Amino acid sequence: MVITELEPPSKDGKVVWLCVWGVFTLLNLIGTLNANRVVQFVFASLTALFFLLAAGVDNRDIHILAGYVGIVCGSSALYLGWAEVM
């Protein structure tokens, strides 16, 4: 058996993959319009996060901004989870 080095995935494929997840979360956001505002905020920030990550594949500054949006999105999701438990 011969083991060869694998080529890294192309950046175009990563952009498409992130955009598909962005569209999926956008559709979920539309489904949460009757829910409370925190659920809407989590899905809105997650949608923005996926599209920012897709745009940040070739741009370092947008990628850093996406990191901050990810922290906000994760924090709001934690808050939502704790609020549901309480």
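Residues numbered from 1 in each chain as written. Predicted model: local features only at pLDDT ≥ 70, side-chain atom pairs only at ≥ 80, totals over all residues. Heavy atoms only, no water.

### Considerations on the overall build of the protein chain
Right, on to step 1. Summing up its helical and strand segments, the protein chain has 3 helices and 0 strands in all.
Right, on to step 2. Written out in order from the N terminus, the α and β elements of the protein chain read α-α-α.
Right, on to step 3. For a compact globule of 86 residues, the expected C-alpha radius of gyration is about 12 Å, and the protein chain comes in at 16 Å, more than 25% above that figure.
Right, on to step 4. The principal-axis extents of the C-alpha atoms in the protein chain amount to approximately 55 × 35 × 20 Å.
Right, on to step 5. The buried share among the 86 residues of the protein chain stands at 23%.
Right, on to step 6. Long-range pairs, those at least 24 residues apart, make up 55% of the contacts in the protein chain with a sequence separation of at least 6.
Right, on to step 7. Counting only carbon and sulfur atoms, one obtains 70% of the accessible surface of the protein chain, whose full area is about 6500 Å². (Helix = DSSP H or I, 4+ residues; strand = E, 2+ residues; numbered from the N terminus. Rg over C-alpha atoms; globule rule 2.2 N^0.38 Å. Buried < 20%, exposed > 50% of the residue type's maximum accessible area, 1.4 Å probe, protein only. Contact = heavy atoms within 4.5 Å. Areas by Shrake-Rupley, 256 points an atom, 1.4 Å probe, with all protein chains shown as cover.)

### Some thoughts on a nonpolar patch on the surface
Right, on to step 1. On the surface, Val-23, Leu-26, Leu-27, Ile-30, Leu-33 and Phe-51 cluster together into a nonpolar patch covering about 540 Å² of accessible area.
Right, on to step 2. With 4 residues, the top contributor of residues to the nonpolar patch is helix α1 (residues 11-31).
Right, on to step 3. Looking at the element boundaries, Val-23 is found in helix α1.
Right, on to step 4. Given the relative accessible area of 42%, Val-23 is considered partly exposed. (Patch = residues over 30% accessible without salt bridge, like charges linked within 9 Å, V, L, I, M, F, W, Y side chains within 5 Å. Salt bridge = Lys/Arg side-chain N within 4 Å of Asp/Glu carboxyl O.)

### Quick look at the state of the cysteines
Right, on to step 1. Under the definition given, this model contains 0 disulfides.
Right, on to step 2. Cys-19 carries a free sulfur, and the closest cysteine sulfur to it, the one in Cys-73, is 17 Å from it.
Right, on to step 3. Note on Cys-19: relative accessible area 27%, which makes it partly exposed.
Right, on to step 4. Residue classification places Cys-73 among the buried residues on the basis of a relative accessible area of 7%. (Disulfide = S-S within 2.5 Å.)

### Here we look at helix α2 (residues 37-55)
Side chains three or four residues apart in an α-helix point the same way, a direct result of the helix having 3.6 residues per turn.
Right, on to step 1. The end-to-end C-alpha separation of α2 is 27 Å, in line with the 27 Å expected for 19 residues at 1.5 Å each.
Right, on to step 2. Of the residues making up α2, those classed as buried are Val-39, Gln-40, Val-42, Ser-45, Thr-47, Leu-49, Phe-50 and Ala-54.
Right, on to step 3. Looking at the buried residues of α2, the elements they touch are α1 and α3 (60-85). (Expected span 1.5 Å × (residues − 1).)

### Side note on the pattern of salt bridges
Right, on to step 1. Tallying each qualifying case throughout the model produces 1 salt bridge.
Right, on to step 2. With a shortest N-O distance of 3.9 Å, Lys-11 and Asp-58 are connected by a salt bridge. Pair noted here: Lys-11 is in helix α1 and Asp-58 is in the loop between α2 and α3, with a separation of 47 residues, a long-range link. Each member of the pair, Lys-11 as well as Asp-58, is classed as exposed.

### Focus on the environment of Trp-17
Right, on to step 1. Within the secondary structure layout, Trp-17 lies in helix α1.
Right, on to step 2. Of the residues examined, Trp-17 reaches a relative accessible area of 52% and is grouped as exposed.
Right, on to step 3. In the structure, Trp-17 is positioned 37 residues away from Ala-54 in sequence and 8.3 Å away in space, judged by C-alpha atoms.

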